[in-house]
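Read off the chains here:
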Amino acid sequence: MVFETIAKELNELVTSWANKLESLPPETIANRRNSQDRSIRQIVGHMVDSASNNTHRVVHLQYRESPVEFPNYATYGNNDNWIAIQNYQEEDWKLLVNYWKFAHLHFVHVIRNVNTEKLDQQWSADTNQFVSLKDMAEDFPRHFKLHINEIEELLNQ
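Residue indices follow the written sequence of each chain, beginning from 1 at its first position. Residue-level local features of this predicted model are given only where pLDDT is at least 70; pairs of side-chain atoms are given and counted only at 80 or more, and the full residue set underlies all totals for whole chains, interfaces and linings. Heavy atoms from the whole structure form the basis of all side-chain values; hydrogens and water molecules are not counted.

Participant: Can you explain the packing of helix H5 (residues 93-112) against helix H6 (residues 133-155)? Please cite residues and give values.
Facilitator: Packed helix pairs are characterised by how far apart their axes lie and by the angle those axes make with each other. Orientation is described by axes fitted as lines to C-alpha atoms, over the contacting stretch for helices, and by angles from 0 to 180 degrees between their N-to-C directions. Each helix is a run of DSSP H or I of at least 4 residues and each strand a run of E of at least 2, with the numbering of both proceeding from the N terminus. Interaxial distance between H5 and H6 falls to 12 Å at its minimum, and their mutual angle equals 160 degrees. The orientation of H5 relative to H6 falls into the category roughly antiparallel. Relative to H6, H5 is oriented so that their crossing is left-handed. For the pair H5 and H6, contact is made by Trp 100, His 104, Phe 107 and Ile 111 and by Ala 137, Phe 140, Phe 144 and Ile 148, respectively. Classifying every residue of the contact of H5 with H6 by side-chain character gives seven nonpolar, one polar and no charged. Relative orientations are named as follows: roughly parallel for angles under 35 degrees, roughly antiparallel for angles over 145 degrees, roughly perpendicular for angles from 65 to 115 degrees, and oblique for any other angle. Two helices that cross are described as forming a left-handed crossing if the nearer one is turned anticlockwise from the farther one by less than a right angle, and a right-handed crossing if clockwise. In what follows, residue pairs with any heavy atoms lying within 4.5 Å of each other are defined as contacts. Under the convention adopted here, Pro, Cys and the residues Ala, Val, Leu, Ile, Met, Phe, Trp and Tyr are nonpolar, Asp, Glu, Lys and Arg are charged, and Gly plus all remaining residues are polar.

As structure tokens, then:
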């Protein structure tokens, strides 16, 4: 399996963080804000969106003609729109943590089953910016850890 190392790393991170997240006090997850003015609730919600969008990309990149066009949810403030529209700030915390956990565990399952003949398939990330399935999957742990680090910083305030 081409992404087994990534899958194991993500699985361990998700497993270790799920209980930590669920046990956080309500005032901590709602009130502390990072440099993007996001609460821990909103960061976790954004991570759900990331897992969901990347799962869709992995699936589409294995059967559609390359490069694949997707709406750009990650830049130009669009990810903030996703956070606001879904109102993660008011989402039931236990439900949100479970959704976060299972969205990422499903992503792990999906990348473990990637057709290796499709690793060079690309999607259009922005104007004249293309990302291969291989590069996207390999970069996902970095993005995941970036947000875990943001949460840790807020917890240490």
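What follows picks up the thread again.
Participant: Describe the pairing of strand E3 (residues 129-132), listing the residues and the values that go with them.
Facilitator: We treat two strands as partners when DSSP finds at least two bridges between them. Alignment of strand E2 (residues 122-126) against E3, held across four bridges, turns out to be antiparallel. Opposite Trp 123, over in E3, you have Val 131 as the bridge partner. Hairpin connection from E2 to E3: two residues lie between these consecutive antiparallel strands, with Asn 128 at a positive phi of about 55 degrees.

Participant: I'd like a description of the environment of Phe 130, backed by residues and values.
Facilitator: With respect to the helices and strands, the residue Phe 130 is situated in strand E3. Counting along the chain gives 63 residues from Phe 130 to Pro 67, while the straight-line C-alpha distance between them is 7.5 Å. Beyond its immediate chain neighbours, meaning those up to four positions away, Phe 130 contacts Pro 67, Gln 122, Trp 123 and Ser 124.

Participant: Provide a residue-level description of the side chain of Ser 132, including the pertinent values.
Facilitator: On the secondary structure map, Ser 132 appears in strand E3. The contact partners of Ser 132, leaving out residues within four places of it in the chain, are Leu 119, Asp 120, Gln 121 and Gln 122.

Participant: Describe the side chain of Glu 4, naming the residues involved and giving the relevant values.
Facilitator: As for its position among the elements, Glu 4 is in helix H1 (residues 4-22). Throughout this description, a polar contact denotes any pair of N or O atoms lying within 3.5 Å of each other; where both atoms belong to protein, one of them has to be capable of donating a hydrogen while the other can accept it, and for residues adjacent in sequence the pair is counted only when both atoms sit in side chains. Within polar-contact distance, the side chain of Glu 4 engages the side chain of Arg 112 at 3.0 Å.

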